[in-house]
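# Coordinate inspection notes
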Amino acid sequence: MNNMKKKFTAFEIGSFISTTIYDDLSLSPNTRKIDKQIGNLISSIIKNKEFTGKSNESILLRTPQTNVLLIGLGNKKCISNDKLRDAAAKASITAKNLKTKSFSFNHDVSDMTNDYIEAVVQGSELGLYNFNVYKSNKKDFRPLTMNIIIKNKIKTSLTKSIRNGEIIADAIMLSRDISNLPSRDCTPLQLASRAKKISSNRPLKTTIFNTDKLKKLGFGGLLGVASGSQQPPCFIIMEYNGGKRGEKPIVFVGKTITFDTGGISIKPSASMDEMKHDKSGGATVMAIMQAVADLKLPVNVVGLMPATENMPSGSAYKPGDVITFYNKKTAEILNTDAEGRVILADALSYAQNYKPRMIIDFATLTGACIVALGTAVSGLLGNDKKIINSLFESGERTGEKVWELPLTNEYKKLIKSDIADIKNIGGRGAGTITAAAFLSHFVDDYPWAHLDIAGTAWTQDGTPKKSYIKKGATGVGVLLSIDFLRNL
Ligand code: BES
Ligand code: ZN
Ligand code: ZN
């Protein structure tokens, strides 16, 4: 990633430059220069109304001098990090398609900020993301340098914003990679090794609890779900101390089901392959830990990842079984496919050992969340209005939108069990809320927020329509959490 401050150099023949234009269609100084060099093609296209500057609109002008991509940004007042992230992804994808080694991204308007630089770097990197581990031909053309052309002076160091943008993009790609990996190549123990490797050259401490330790500690939920699998489960703990000594940490918890068959309450076979993504919550938490360490954020953060497969077998836990969790509460298992809450129960209880400032969990928890909110917005529930409001604001700022569902006492009654403290499913309705009601039993009075990312963790067809999101894992939650932590 390069940057060119103020200076605007004429481009080489065969090169590629992208430039943003708002819907007022005024041309910034650099865009005017480009226009001149390509024989006023931009002006004439605008005059002919072939380009109107709406967001989502882009047009590639292939001229003998150079290739120019015009990217509409819509209304100037509605500009956001996410629009620039999307614009930059359009530019890098075009550069890749044109096979240009180096390209320039021009947004020489007066509102370029450090945040925007970060977003542009993220967009250009994420636009090129391609999960090609299993392709026999991995040769994938990638533009090597991107020049970000800016006009105005921006507040702090440009290099730092570029680096921060890269750090966050790398973390999002880590989350995507983990989520996209098939379960046979991403077992709980393989994830543990990955966490260790990530910590080896960073200020992170990783601890792994294996089966013996889990038995000693009484992680009945994680062991119960794992009992049907040939793969041993584990509990991954990543700790980062960037804050003051003794300052209470923020604990992130991620559902890490490396594959969810449903267990004895087995799922239908159609689309079951998508359940390799049921580790997305854990993938995002691991990525958050990597980003927090690389960004050197001044906070204490802990990441907890209960990891296991959910398989049917002769040794599997069964409907009717009663499980005792780490905090000694008991639950009657009425559906082995509602396993996420069962492993999270142990992890959330364990989180209390840290006397945390707050707990935030990410989980592909309920199909009901997709029914309620679709694939563009994550479900948000919890017991603390301040955290909920901050997460909502982070969602608006980053484009990783969240929406709160009510977690009131009426729903908590729906998971009372006849023979144990609670049962692991509610009635027919409000599946996302009864799942969160189950989790609420394991956080006591600590401030807590739960994000149900069942609809947003991966996409079938690239929806929501953002250029930096393709079919497969999205890495949702990383941008959101980093923004949240920075604005604490
Ligand atoms: N991992 C699934 C939730 C899920 C389903 C996420 C589809 C994304 C897409 C979870 O473990 C599950 O199976 N939940 C059940 C709960 C039910 C049995 C109460 C569900 O949503 O059907
Ligand atoms: Zn399930
Ligand atoms: Zn699941």
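Residues numbered from 1 in each chain as written. Chains lettered and ligands numbered in written order. Predicted model: local features only at pLDDT ≥ 70, side-chain atom pairs only at ≥ 80, totals over all residues. Heavy atoms only, no water.

Take the coordination of the zinc ion (ligand 3) next. Of the protein atoms, only K255 (NZ), D260 (OD), D278 (OD) and E339 (OE) coordinate the zinc ion (ligand 3), at distances of 2.0 to 2.4 Å. For the zinc ion (ligand 3), the single-chain donor residues occur in sequence as K-x4-D-x17-D-x60-E. Separating the zinc ion (ligand 3) from the zinc ion (ligand 2) is a gap of 3.2 Å, which D260 spans by donating to each of them. (Donors = N, O, S within 2.8 Å, 3.2 Å for Na, K, Ca; no water.)

The local shell around ligand 1 holds 17 residues, among which D260, K267, D337, E339 and G367 are the closest. One of the side-chain N or O atoms of K255 is found 3.2 Å from an oxygen atom in ligand 1. A distance of 2.9 Å is found between a nitrogen atom of ligand 1 and a side-chain nitrogen or oxygen belonging to D278. Here the shell around ligand 1 is built from residues that sort into six nonpolar, four polar and seven charged. (Near = heavy atom within 4 Å. Polar contact = N/O pair within 3.5 Å; in protein donor to acceptor, adjacent residues only side chain to side chain. Nonpolar A, V, L, I, M, F, W, Y, C, P; charged D, E, K, R; others polar.)

Turning our attention to the sheet that holds strand β12 (residues 322–324). Here three strands make up an open sheet; going across it, the order is β12-β13-β17 and the pairing mixed. Both edges of this open sheet fall to β12 and β17 (422–423), since each of them pairs with a single strand only. Examined bridge by bridge, β12 and strand β13 (residues 330–332) share three bridges and lie antiparallel to one another. Note that in β13 the partner of I323 across the bridge is A331. (Pairing = 2+ DSSP bridges. Helix = DSSP H or I, 4+ residues; strand = E, 2+ residues; numbered from the N terminus.)

Take the domain arrangement of the protein next. The domain architecture assigned to the protein consists of domain 1 (3–128) and domain 2 (167–486). A C-alpha centroid distance of 39 Å is found between domain 1 and domain 2. Between domain 1 and domain 2, the contact holds 14 residues from the first and 14 residues from the second. Contact with domain 2 buries area across many residues of domain 1, yet D82, R85 and L126 alone supply 44% of it, more than any other trio. At the boundary of domain 1 and domain 2, one finds two salt bridges. Across the pair E118 and R486 runs a salt bridge whose closest N-O atoms are separated by 2.9 Å. Summed over the shared surface of domain 1 and domain 2, the number is six residue pairs in polar contact (both at pLDDT 80 or more). If you list the elements that add at least two residues to the side of domain 1 that touches domain 2, you get α3 (81–98) and α4 (114–127). The leading source of residues in the side of domain 1 that touches domain 2 is α3, at seven residues. (Domains from an automatic or database assignment. Contact = heavy atoms within 4.5 Å. Buried area = accessible area lost by both parts, 1.4 Å probe. Salt bridge = Lys/Arg side-chain N within 4 Å of Asp/Glu carboxyl O.)

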